[in-house]
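# Coordinates in review
Listed below are the residues making up each chain.
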Amino acid sequence: MHPDPVPAQRGSVDAEAPVPAAAGPDTLLGSSAPAVVHALVVLICLAYALAALVGVPLFADGAHYLFRLRMDGVPYVPDLRLSAVPQQLPAYLASQLGAGTLTVRHLFALSQVLLPAVSLLACWLLLRRTLPALMILPGLALLLNQINFSGVSELLAMQYVVWPLVLAMSLHPQRRAVWLYAALVGPVLLFQHALAFGAAFGLAGFGVILAWARPDLRRIWLRLALWLAAFGALRLAWSTVGLSEHYEQRMLTPDGAAFYVFTVTWGQHLLLAAVALLGLLWSGCLGFGRCLIMESNQAGRTGRGLSGGLGMTLLWWSTVLLLPLLVAIVGQEMLWGQGVRLKAAVTVMVGFMLMAAAGLVGLLRGPALARVPIAPVQSLPRRARAVPTHASGRLGPVAAPLVVALLGIFLLLMVKSVAWWTATRGLQTIVAESESPCVSLTRESPYGLQWPWMAIIDDWNAPMNALIFRPRLRDPDSGELTPISLLLPNNSCDWLALFPEVYPTAWLSVSWAQLDQRFGPLRVPESVSAPR
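Residues numbered from 1 in each chain as written. Predicted model: local features only at pLDDT ≥ 70, side-chain atom pairs only at ≥ 80, totals over all residues. Heavy atoms only, no water.

## Here's the deal with the layout of surface pockets
- Roughly 620 Å³ of internal volume is contained in the second largest pocket.
- As for the second largest pocket, its lining consists of 34 residues, of which Q87, Q112, L115, P116 and G151 are closest to the centre.
- At the level of secondary structure, the elements contributing two or more residues to the lining of the second largest pocket comprise α1 (33–54), α4 (101–127), α6 (154–171) and α15 (399–433).
- With seven residues, the single largest contributor to the lining of the second largest pocket is α4. (1 Å grid on protein atoms, 1.4 Å probe; cavity = no way out; pocket = protein on both sides within 12 Å on 5 of 7 lines; lining within 4 Å. Points joined across faces, edges and corners; volume = space filled by probe spheres on them. Helix = DSSP H or I, 4+ residues; strand = E, 2+ residues; numbered from the N terminus.)

## Observations concerning the nonpolar core
- Counting 159 residues, the largest nonpolar core has W221 and L515 as its most contacted members.
- Apart from the residues lying within four places of it in its own chain, the contact partners of W221 are M169, P173, V178, W179, A182, G207, L210 and A211. (Core = buried A, V, L, I, M, F, W, Y, C linked by side-chain atoms within 4.5 Å. Buried < 20%, exposed > 50% of the residue type's maximum accessible area, 1.4 Å probe, protein only. Contact = heavy atoms within 4.5 Å.)

## Things to note about the packing of aromatic side chains
- Applying the stated criterion to the full structure yields 15 aromatic pairs.
- Aromatic pair F59 and F149: ring centres 5.3 Å apart, planes at 50°, arrangement tilted. Note that F59 is positioned in the loop between α1 and α2 (61–72) and F149 in the loop between α5 (136–145) and α6, a separation of 90 residues in sequence.
- Assessed through its relative accessible area of 3%, F149 is described here as buried.
- Seen in terms of ring centroids, W227 and F231 are 4.8 Å apart; in terms of plane orientation they differ by 70°. Their pairing is edge-to-face. Separated by four residues within a single helix, W227 and F231 lie in helix α9 (residues 218–242), roughly one turn from each other.
- Overall, W227 belongs to the partly exposed group, its relative accessible area being 39%. (Phe/Tyr/Trp six-rings, centres within 6.5 Å; stacked < 30°, edge-to-face > 60°.)

## Here's the deal with the environment of A47
- Looking at where A47 falls in the secondary structure, it is placed in helix α1.
- Judged by its relative accessible area of 2%, A47 is buried.

## A few points about the pairing of strand β1 (residues 438–441)
- Note that β1 and strand β2 (residues 486–489) share four bridges and pair parallel. Bridge pairing in β2 places L441 opposite P489. (Pairing = 2+ DSSP bridges.)

Here it is as structure tokens:
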């Protein structure tokens, strides 16, 4: 006789009838899939570290932040963006201790990539033992984010901060660490991007859903929802009042909004559409279909769910074949300087859409609804408070699509690193080989910046990057660093010949002596060498 089956619990994937094991997409990686995904997540973290070492976070605004930190001696805080301060602290402390530009640059860049790398790792650690198949959604979101080059974006940082919280709320709402994290995210969002009020209100709404779904946790999650909503209201008021003084106001014009929001190349357009569509389809499959491999040791049964027939097969093959093709197209565009820009806000919008879907799927399929005790959770014995795991450690048919998405992240990080390394080496050649104290930067000069692969660095911040990435060539006799030329925009070289004032941008001026002290030695201009 077989033992009676255990009654299915609410919210448990075991409640579904088992189906026979089927050969197909879910068997390609087998039981080794979680280990493969774990290795890829670690590999992506290492790729972020490599991107920091070559200086990718110094693209555009990143160079401006570091240049101002080195020149002013304090963290750069534009438009009251206090959230940018913590990531500058390692570079600031090193600068205060007398470290050189190279050390400060590495610390600054590593601090900027720490947040996306830790966010990805945290998402996987939250999911791998509970609902690993759900990792496909943050994986797709981070893949799409690779078309953004910004290293100091509050908009992107907001997404990286919120992703682990949404997953933790949906899977482990009873844990005090999650309560603390939710409480800390409220004030963090206050000092994030002007649009952070949307994230705060979304988290508050999810907290209300949790309070309804878990009566035993109703009090704590209603309080946290009110806490998050309060900071959302403060951020909304700040954003509304501050628009007249912040640069975001310039993005309200049609041209400004189009540049700020949308992607610009065909590869980016297609990757955006593919991630949005595939993310929604996988969300539906995980939430309402049977994309999970389900295991139950009860009654000696093992069920494997690969279902949906033709629809499931088409979704699997579409993901596995389409994503590598689009990653190759986008990578090729980056190498040739096409579509290289600070950020496209639409990628964050898609990311939050996938985040909302992940939260709901996690709540439906994860362990949060599996056991709802009548007594308050704090009064239950420790053993009774343990949350059962219903999804197995396997990824099912999501394994190969997830591996493809993570490989895409790794490859685009490597492409950006190669493109940036090539461009900075070219910039070093320009300022090292020139014999004059100053090289003029215009639309058509210097010649070395006109190649397609140099477009990534041929921007308004090129004069700053020329100093930050200064070549470290030494005189064979003295062993001292060889002086370099300044790279200055438009007619700033003419001004430097008359006065010892340097204009790396039209709105910023510094003394030549201070610049030589921080980034030198520089070639001496006539205004300094001439007798006063």
